[in-house]
Amino acid sequence: MIFSQRTNWHRQQNKLTELFDSLRKSGRVILDLTVSNPTECGFSYPQKEILSSFENQSSMVYDPNPHGLLSARQAVTEYYRQKNISVDPSNIFLTASTSEAYSTLFKLLCNAGESVLVQKPSYPLFEYLAQINDVELQQYDLRYDGEWHVDIESLNNLMIENIGKSKAIVIVNPHNPTGMFLKKDEYKAIKEIARQYNLAIIVDEVFIDYAFEDDESRIGSTANESDVLTFTLNGISKSCGLPQMKLGWIIVNGQRSIVNEAIERLQIICDTFLSVNTPVQVALPKLLTIGKNIQSQILNRIKSNYTTLLTTHNPHLTSQCSPLLSDGGWYGIIRVPRTKSDEEWALQLLEKKGVYVYPGYFFDFTDDGYLVVSLLLENSIFQKAVSDIVEYVSLSEP
Ligand SMILES: Cc1ncc(COP(=O)(O)O)c(C=O)c1O
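Just so it is clear, the model here is predicted, and its values are computed rather than measured.

Colleague: What's the story with the overall build of the protein in this structure? I'm lost.
Modeller: Helices and strands together make up the secondary structure of the protein, namely 12 helices and 14 strands. Its C-alpha atoms give the protein a radius of gyration of 22 Å, near enough to 21 Å, the size a compact globule of 398 residues would have. Summarising its shape, the C-alpha atoms of the protein cover approximately 60 × 55 × 55 Å along the three principal directions. By the burial criterion, 55% of the 398 residues in the protein qualify as buried. Of the contacts formed within the protein by residues at least 6 apart in sequence, a portion of 76% connects residues at least 24 apart. Total accessible area on the protein is roughly 18400 Å²; 49% of this is exposed by carbon and sulfur atoms.

Colleague: Could you clarify how one ought to interpret the domain arrangement of the protein in this entry?
Modeller: If you check the domain split of the protein, you get domain 1 (12–44 + 293–393) and domain 2 (47–291). Computed from C-alpha atoms alone, the centre-to-centre distance between domain 1 and domain 2 is 27 Å. The interface is formed by 28 residues belonging to domain 1 together with 34 residues belonging to domain 2. Counting the surface lost from both domain 1 and domain 2, the interface buries some 2600 Å², and carbon and sulfur atoms represent 62% of this. It is Gln 295, Asp 327 and Trp 330 that lose the most area in domain 1 upon contact with domain 2, and together they represent 26% of the buried surface on that side. Counting the contacts that link domain 1 with domain 2 gives 2 salt bridges. Where domain 1 packs against domain 2, one counts 16 residue pairs in polar contact (both at pLDDT 80 or more). Broken down by secondary-structure element, the contributors of at least two residues to the side of domain 1 that touches domain 2 are α10 (278–311) and β11 (331–335). A per-element tally of the side of domain 1 that touches domain 2 places α10 first, with 8 residues. Residues belonging to the side of domain 1 that touches domain 2 are distributed by class as follows: 16 nonpolar, 8 polar and 4 charged.

Colleague: Would you take a moment to explain the packing of aromatic side chains for this structure?
Modeller: When we look at a pair of aromatic rings, we describe it by the centre distance and by the angle of the planes. Tallying each qualifying case throughout the model produces 19 aromatic pairs. The interplanar angle of 15° and the centroid separation of 4.2 Å between the aromatic rings of Phe 20 and Tyr 356 together place this pair among those described as stacked. With Phe 20 in helix α1 (residues 15–25) and Tyr 356 in strand β12 (residues 355–356), this residue pair connects regions lying 336 residues apart in the sequence. Here Phe 20 matches Tyr 356 in class, with each residue buried. Ring-pair connections join several aromatic residues into one group, and the members of that group are Tyr 102, Phe 106, Tyr 123 and Phe 126. Just above the ring of Phe 181 sits the side chain of Arg 218; from NZ or CZ to the centre is 4.8 Å. Here the guanidinium or amino end of Lys 340 rests over the ring plane of Trp 345, the centre of that ring lying 4.0 Å away.

Colleague: Which parts of the structure should I look at to understand the pairing of strand β7 (residues 200–204)?
Modeller: On a regular strand, each side chain points to the face opposite its neighbour's, so the side chains alternate between the two faces of the sheet. The buried fraction of β7 amounts to 5 of the 5 residues, a majority that puts the element mostly inside the structure. In this structure, strand β6 (residues 166–172) lies alongside β7, joined through 5 bridges in parallel fashion. Its bridge partner being in β7, Ile 171 is matched across the sheet by Val 203. Pairing analysis gives 4 bridges linking β7 to strand β8 (residues 230–235), with the strands arranged parallel. Across the sheet, the residue bridging to Asp 204 is Leu 233, located in β8.

Colleague: In this structure, what is going on with the site of the ligand? I would like to understand it.
Modeller: Around the ligand lies a shell formed by Ser 97, Thr 98, Ser 99, Tyr 123, Val 172, Asn 176, Asp 204, Val 206, Phe 207, Ser 237 and Lys 238. One of the side-chain nitrogen or oxygen atoms of Ser 99 is found 2.7 Å away from an oxygen atom of the ligand. Grouping the amino acids of the shell around the ligand by side-chain chemistry returns 4 nonpolar, 5 polar and 2 charged.

Colleague: Just to check I follow, could you spell out a negative patch on the surface for this structure?
Modeller: Together, Glu 147, Glu 213, Asp 214 and Asp 215 give the surface a local cluster of negative charge. In this structure, Asp 215 sits in the loop between β7 and β8. Given a relative accessible area of 38%, Asp 215 falls into the partly exposed group.

Colleague: How do you make sense of the pattern of salt bridges when you look at a structure like this?
Modeller: Oppositely charged side chains may form a pair once their charged atoms are brought near each other. For the coordinates displayed, the defined rule picks out 16 salt bridges. Salt-bridge contacts for Glu 78 lead to Arg 81; the nearest nitrogen and oxygen are separated by 2.8 Å. Of this pair, Glu 78 and Arg 81 both sit in helix α3 (residues 70–81), 3 residues apart, which is roughly one turn of the helix. For Arg 81, a relative accessible area of 48% gives the class partly exposed. Connected via shared salt-bridge partners are Lys 191, Glu 192, Arg 195, Glu 225 and Asp 227.

Colleague: Before we go on, may I ask you to explain the side chain of Arg 218 in this structure?
Modeller: In this fold, Arg 218 is placed in the loop between β7 and β8. On the accessibility criterion, Arg 218 (12% relative accessible area) is buried. Within the structure, the side chain of Arg 218 is placed 2.7 Å from the backbone oxygen of Glu 213, a separation counted as a polar contact. Dropping the residues within four chain positions of it, Arg 218 is found in contact with Phe 181, Leu 182, Lys 183, Lys 184, Ala 211, Glu 213 and Asp 327.

What counts and how
Residues numbered from 1 in each chain as written. Predicted model: local features only at pLDDT ≥ 70, side-chain atom pairs only at ≥ 80, totals over all residues. Heavy atoms only, no water. Helix = DSSP H or I, 4+ residues; strand = E, 2+ residues; numbered from the N terminus. Rg over C-alpha atoms; globule rule 2.2 N^0.38 Å. Buried < 20%, exposed > 50% of the residue type's maximum accessible area, 1.4 Å probe, protein only. Contact = heavy atoms within 4.5 Å. Areas by Shrake-Rupley, 256 points an atom, 1.4 Å probe, with all protein chains shown as cover. Domains from an automatic or database assignment. Buried area = accessible area lost by both parts, 1.4 Å probe. Salt bridge = Lys/Arg side-chain N within 4 Å of Asp/Glu carboxyl O. Polar contact = N/O pair within 3.5 Å; in protein donor to acceptor, adjacent residues only side chain to side chain. Nonpolar A, V, L, I, M, F, W, Y, C, P; charged D, E, K, R; others polar. Phe/Tyr/Trp six-rings, centres within 6.5 Å; stacked < 30°, edge-to-face > 60°. Lys NZ or Arg CZ within 6 Å of the ring centre and 35° of its normal. Pairing = 2+ DSSP bridges. Near = heavy atom within 4 Å. Patch = residues over 30% accessible without salt bridge, like charges linked within 9 Å, V, L, I, M, F, W, Y side chains within 5 Å. Lys, Arg positive; Asp, Glu negative; His and termini not counted. Charge placed at Lys NZ, Arg CZ, Asp CG, Glu CD.

Here you go:
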C-alpha cells in the first residue's frame, strides 16, 4: 500500500448523511440544526469594515516571525487586557487555526504512541488530530447530575493506568458540546494531577466569550496560569465568528524555565511552517474590535435559543424529551428516551419531520439518549425545529 496506515480512514457516508443528501436533492426543506458555521446563520457582518481592515500596505512586506507579527500579538494581549488578564506578547504564537495549534502542541509534547487525555463526550476533530500526529487519545469522563462535572476519579485512574505514556491533559473550557465551564475546584484537582505526573495542560478556550451567565465558581481564562506548563488556545473563528479568516493563537505559561524551553522548541516548529498569512495578521487588531459586535450578536442568539430549548415542552404529554442544563457555548443537548438508538432518533426526525440533528454518538456520548443541536440558527427556525423534535419524541413514547 502506497499510503500510510494513519490515513486509512473509513470514508463511507453514514446512513444519516446519506439520507440528508438524498432529501436535499429531492428538494425537501430541512431545518438543519447541525449548522455551526456562523457565516451561514444570518448574522449581520459589517462587511465593508471587515474587508477594509485588509487594505493595508504592511501586507506587501514579508517579515517572517515564528511567533507571528508583534502588532498582531499585541492585539491578542489587548483582547486579554480587556478581561483583566496580563499576557506577554513573547508568550504568544499565532497559528492558522486552533486545530493547527493542537497539531503543533502534539508535535511539541508527544513521541509517536504517547497519549493525551481528552474529555468524553468530546468534539470529533480530536480523533483525526491525534491520528495525524501518531498520538493516542485517552478519554476521561464528564458526568451530568443536573450540571456537568469533570470526573476527577476517572482522570486519576487513567493516569495510574498510563504512567509515563500520557503527556498532556486537554480541557475544552467551555466544553463542546456540553457547554460545561470548568469549576475552580476541578481545575485545582486537574493541576494537582498534572504536577504529580509531570504533564502539560492544554486549555481550549474558543468558546470562552459565550457564557449564558457569570458564575464565581468557574475559572476564567487560563492565559496567565503560572504554576503548571499550560497552553491556552483561542482564535477568531469563534470569538469573532470569523472562521474563514483562519487565525488562532497559543499562549504559553507556567514556570519560567519550562516555559522558555517550550517557547524555543515552538519557535522551531512554527518557523518550519510560518503558516499564518500576513494580511490576516495585519488586520487582526481591527478584526478583534469589529468582532465584538459579531460576538454579541452570537451571544444573544445562543442565549435566546437556549431559553427556547429550556421552555419548549408538550404540556399534554409526559415527555422524556428534555434539555440538559448548560453554562454556555454553541450547542445544546436534548435528552431523548433510550427506546431507540440516537442514530434511529436522528434518522426518524430527519425523515418524518425534516429536522437534522447530531446523534450523541457523534460526540462520543457513552450511552444512547442524547441529541446535539446547534444554538446558532435564527430564533424562528430554531423554535420550529425544537417544537417538531419535542412533538415527535413525545408522540413516539411507548
Ligand atoms: C472546541 C473547539 N476547539 C477548536 C475548534 C476549531 O477551531 P478553529 O476553527 O480555530 O480551528 C472547534 C471547532 O468547532 C471547537 O469546537
